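Coordinates in review
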Amino acid sequence: MPRKAEIFAPTRDAPLLTHATLHCKSLRMTGALRIVPLGGLGEVGMNCMALELDDTIVVIDCGVTFPDREPGVDLIHPDFAYLLENRARVKAVVLTHGHEDHIGALPYLLRDVDVPVYGPDYALGLVRERLSEFDWDRPPELIAIQPRQVLTLGAFSVEPFRVTHSIPDSTGLVFRTRVGTLVHSGDFKIDPNPIDGQPCDLPFLDEVARQGVRVLFSDSTNVDVEGSSGSERSVVATLADYVREANARLVVSLFGSNIFRLNALLRAAAEAGKVVLPLGRSLQTHLRVAERQGLLSRPMPPLISAENAQTTPRDRLLVIASGSQAEPQAALARLATGTHNQLRLESGDTVVLSSRVIPGRERAIHALIDNLERTGVRVVQRFDDPKLHVSGHACRDEQRMLIELIRPQTFVPVHGTYHHLKRHAALARDLGVPETCVIENGAVLELDADTAWLGPSAQAGRVHIQAGLELPPVVLRDRMLMAEVGMVLITLAVDSRGALRAPPRVLTRGVVWEDAERDLLGDVCGEAELAITKLPLPCDDEMLRDVACRAARRVFREEVGFRPLTHCVVLRSDE
Ligand SMILES: [Zn+2]
Ligand SMILES: [Zn+2]
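Let us look at the structure shown here. (Residues numbered from 1 in each chain as written. Chains lettered and ligands numbered in written order. Predicted model: local features only at pLDDT ≥ 70, side-chain atom pairs only at ≥ 80, totals over all residues. Heavy atoms only, no water.)

**Considerations on the overall build of the protein chain**
Across its full length, the protein chain holds 15 helices and 28 strands. With the C-alpha coordinates of the protein chain rotated into their principal frame, the extents come out at 85 × 75 × 45 Å. Buried residues in the protein chain amount to 55% of all 575 residues. Counting only contacts in the protein chain whose residues sit at least 6 apart along the sequence, the fraction spanning at least 24 positions is 72%. Summing over all exposed atoms, the protein chain offers an accessible surface of approximately 25,400 Å²; the carbon and sulfur share of this is 50%. Averaging the locations of the 64 positively and 76 negatively charged side chains of the protein chain gives two centres separated by 1 Å. (Helix = DSSP H or I, 4+ residues; strand = E, 2+ residues; numbered from the N terminus. Buried < 20%, exposed > 50% of the residue type's maximum accessible area, 1.4 Å probe, protein only. Contact = heavy atoms within 4.5 Å. Areas by Shrake-Rupley, 256 points an atom, 1.4 Å probe, with all protein chains shown as cover. Lys, Arg positive; Asp, Glu negative; His and termini not counted. Charge placed at Lys NZ, Arg CZ, Asp CG, Glu CD.)

**Comments concerning the coordination of the zinc ion (ligand 1)**
Coordination of the zinc ion (ligand 1) by the protein involves H97 (NE2), H99 (ND1), H165 (NE2) and D187 (OD), with metal-donor separations of 2.1 to 2.3 Å. Its four donor atoms give the zinc ion (ligand 1) angles of 90 to 167 degrees at the centre, a pattern that matches the irregular case. Positions of the donor residues of the zinc ion (ligand 1) along the chain correspond to the pattern H-x1-H-x65-H-x21-D. A separation of 3.4 Å is found between the zinc ion (ligand 1) and the zinc ion (ligand 2), both of which receive a donor from D187. In this pair, H97 sits in the loop between strand 7 (90-94) and helix 2 (100-103) while D187 sits in the loop between strand 13 (180-184) and helix 5 (202-210), placing the two residues 90 residues apart along the sequence. (Donors = N, O, S within 2.8 Å, 3.2 Å for Na, K, Ca; no water. Tetrahedral: all angles 85-135°; square planar, octahedral: opposite > 155°, others 65-115°.)

**Regarding the sheet that holds strand 24 (residues 462-466)**
Taking strand neighbours across the sheet as the criterion, the three strands line up as 6-24-25 in an open arrangement whose pairing is antiparallel. Both edges of this open sheet fall to strand 6 (75-78) and strand 25 (469-471), since each of them pairs with a single strand only. Direction aside, the axes of adjacent strands within the sheet are offset by 45 degrees on average. In this structure, strand 24 lies alongside strand 25, joined through three bridges in antiparallel fashion. The residue of strand 25 that forms the bridge with H464 is L471. Running at roughly 60 degrees to strand 25, helix 13 (residues 473-485) makes contact with strand 24 and strand 25 of the sheet. (Pairing = 2+ DSSP bridges. Axes fitted to C-alpha atoms, helices over the stretch in contact; angles between N-to-C directions.)

**What about the sheet that holds strand 17 (residues 317-321)?**
An order of 16-17-15-18-19 is seen for the five strands of this open sheet, with the pairing classed as parallel. The sheet terminates laterally at strand 16 (275-279) and strand 19 (378-380), the two strands that pair on one side only. Between one strand axis and the next, the sheet turns through 20 degrees on average, direction left out of account. Sheet topology places strand 15 (residues 250-253) next to strand 18 (residues 350-353); four bridges connect them, and they run parallel. In the sheet register, V252 faces strand 18, and the bridge partner there is V352. Contacting strand 15, strand 16 and strand 17, helix 7 (residues 259-271) crosses the sheet at an angle of about 170 degrees to strand 17. Strands in contact with helix 8 (residues 281-292) are strand 16 and strand 17; relative to strand 16, the strand with the most contacts, it is inclined by about 120 degrees.

**Looking at the coordination of the zinc ion (ligand 2)**
Only D101 (OD), H102 (NE2), D187 (OD) and H415 (NE2) from the protein reach the zinc ion (ligand 2) as donors, at distances of 2.1 to 2.2 Å. Taken together, the four donor atoms coordinating the zinc ion (ligand 2) and their angles of 88 to 164 degrees define a geometry best described as irregular. Counting along the primary sequence, the residues that act as donors to the zinc ion (ligand 2) give the motif D-H-x84-D-x227-H. Assessed through its relative accessible area of 16%, D101 is described here as buried. On the basis of relative accessible area, D187 is assigned to the buried category, the value being 2%.

Structure (structure tokens):
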């Protein structure tokens, strides 16, 4: 009878809790399989995990996440230091599906670690688009794999299997190794009747389970949602109804990756004799890749460009737009504020939001809805019509079903916040799984055929990208500080000994309105001057900068109540 054990390894400050019955092993046992999460565990987004055995490291997914408050940052990817340090052993990246939180970071990994990428066709189509935005001496090798196609990567034999999700061609992965079989669910739901006719491959999983599964990794996203996620079929039928019934402009906003909904809209438009305007970059990318791979429904309705939208009769126009999260640059946000260059919505038009609200976007989405409704546009969202969206992730009943089917020796919840992981582990324990492990990014789980334990941790973190380049943490810290408290620059002209040759000058940005605060700025200069004249001569630049900045910060704190980011430039000359 296996031991009952729980392993908890939250990375942030919290104490490390290991269940007393667990084996304590000394550092790095040879022959153990190492599970190294680099992203997506303890957060939603940026999924990336390394599996390591003998001389082989295989990376599962390589995704990004998006900033909530870091100004100017385009995207965030996992810190790849661990993979760079061990690059000689990294054999491949294997992708489960094409969502950004699973593929978006590939360019940033592949430019340093030149390994082949295996994945489903649709994911690779999107990867190809993304890689084309970068310069490559030699383009990365992308190799399509089909469900139930076995691939040998060093110490691992990998076999993808079909799962249902909100993007075509989604898979989970089975890894067979000498320490046992590992099953990774990918992002999944269990829909017995999916639109593409390719349900989650439960017969295959049943077969795998019969031979015994060492570890199950499973998608935790919807662990707080009772019941089942529901079928996409009800959503596409609803969307088609909106297209048929619209007698003015209809704008449907969705995630471009949901080709099932896109097809339903295109089909309904073709049947109703409408023309379609696709708006938004990600939507265009998905249309292009889906078209290339023969995934779009036929016959297609005429697609028009934005220049012709305003002159198209209102009852003939269907606009499909990305930007359902009210991203400020997206076309939908511009339509809402009436600042779109080519199209202006009017009273009587309808906007349908066929998506969920991603946590953190509530305020922006409320503002978007307000802006639309102020112009008389009717907005329909999930609250008005629950059939406008179903989740692509398994809810509790489906999560339960997978655990019961696989009956793993060890359960490792993935794809979720710490709370999601913890609750998913509890579900597995309730279902009788002997061992559950809650690990966050950087915590390393090691295991052999019988036992699991925590190994030495790996470096994990977040890398912020702006315009394709990395923002060093110190730059980001300064920027965030500047956003909060503004910046002050003091200039000191001194002679060779360090004595002031002119009164200090001060420049501020984002601190006070300089025109109205001449006296305050005069005080800053006066205080800095006073402090400097007290210094013994000769004195060096560092001393001058330190004294001037301290004097300035003191005045600001007293006068405006906060201390701006303060810098000082010393210009030394005797002339
Ligand atoms: Zn996904
Ligand atoms: Zn995901």
